[in-house]
Amino acid sequence: MTAQEWVRTFAEEAGAQPPSQEQIDEILRLAAVAAHSSERIAAPIACCIAGTTGRPVSELREVAEGLASGG
């Protein structure tokens, strides 16, 4: 099963809409920032937090980038 198939199936089983490719790309960018500026475990936790805020992931990635740059 590919990642896209897994995510789509997981979303369906969870009763949610699967993310678009654009959303997936933003989530992966956020995860990369979190993982590379902290311990790797920060990536899934940051994505989970982002999912609860209702804010655009791209906006939250900018917040994460600010943390990564020390600001």
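Numbering of residues begins from 1 in every chain and follows the order in which that chain's sequence is written. Local features in this predicted model are restricted to residues whose pLDDT is 70 or higher, and side-chain atom pairs enter the listing and the counts only when it is 80 or higher, whereas totals over whole chains, interfaces and linings include all residues. Side-chain calculation: all heavy atoms of the structure are included, whereas hydrogens and water are not.

J.: I would appreciate a short explanation of the nonpolar core in the present structure.
T.: For soluble globular proteins, nonpolar side chains are generally found buried alongside one another. Here the nonpolar core consists of buried residues drawn from Ala, Val, Leu, Ile, Met, Phe, Trp, Tyr and Cys, with membership extended through side-chain atoms lying within 4.5 Å. Relative accessibility decides the category of a residue: with a 1.4 Å probe and only protein chains considered, values under 20% of the type maximum give buried, values over 50% give exposed, and everything between is partly exposed. By size, the foremost hydrophobic cluster in this structure holds 5 residues: L30, V33, A50, L60 and A64. Contributing elements (two or more residues each) for this core: α2 (21-37) and α4 (57-68). A contact between two residues is defined here by any heavy atoms of the two lying within 4.5 Å. Those residues in contact with L30, other than ones at most four positions away along the chain, are A46, C47, A50, V57, L60, R61 and A64. Helix numbering and strand numbering both begin at the N terminus, where a helix is a DSSP run of H or I of at least 4 residues and a strand a DSSP run of E of at least 2.

J.: Sorry if this is basic, but what is going on with the packing of aromatic side chains here?
T.: Two descriptors summarise a pair of aromatic rings, namely the distance from one centre to the other and the angle between the planes of the rings. Each Phe, Tyr or Trp ring, with Trp reduced to its six-membered ring, pairs with another whose centre is within 6.5 Å; inter-plane angles below 30 degrees give stacked pairs, above 60 give edge-to-face pairs, and intermediate values give tilted ones. Applying the stated rule across the entire model yields 1 aromatic pair. On the numbers, 5.0 Å between centres and 10° between planes, the contact of W6 with F10 is stacked. One end of the pair is W6 and the other is F10, both in helix α1 (residues 3-14) and 4 residues apart, which spans about a single turn.

J.: Mind showing me how you'd approach the state of the cysteines here?
T.: Covalent bonding between the sulfur atoms of two cysteines is what defines a disulfide. Disulfide: a pair of cysteine sulfur atoms within 2.5 Å of each other. What the rule picks out here adds up to 0 disulfides. The thiol sulfur of C47 is not disulfide-bonded, and the nearest other cysteine sulfur, from C48, lies at 8.8 Å.

J.: Please clarify how α4 should be interpreted in this entry.
T.: Since one α-helical turn is 3.6 residues long, residues separated by three or four positions face the same way. Helices are assigned an expected span. That span is 1.5 Å times one less than the residue count. Along its 12 residues, α4 runs 16 Å from first to last C-alpha, staying within 8% of the 16 Å computed at 1.5 Å per residue. Listed in full, the buried residues belonging to α4 are L60, R61 and A64. Buried residues of α4 fall within an arc of 110° about the axis and therefore sit on the same side. Packed against the buried residues of α4 are α2 and α3 (42-53). Immediately downstream of α4, the backbone of G70 shows phi near 90°, a positive value. Of all possible arcs, the one meant is that of the directions from the helix axis to the C-beta atoms.

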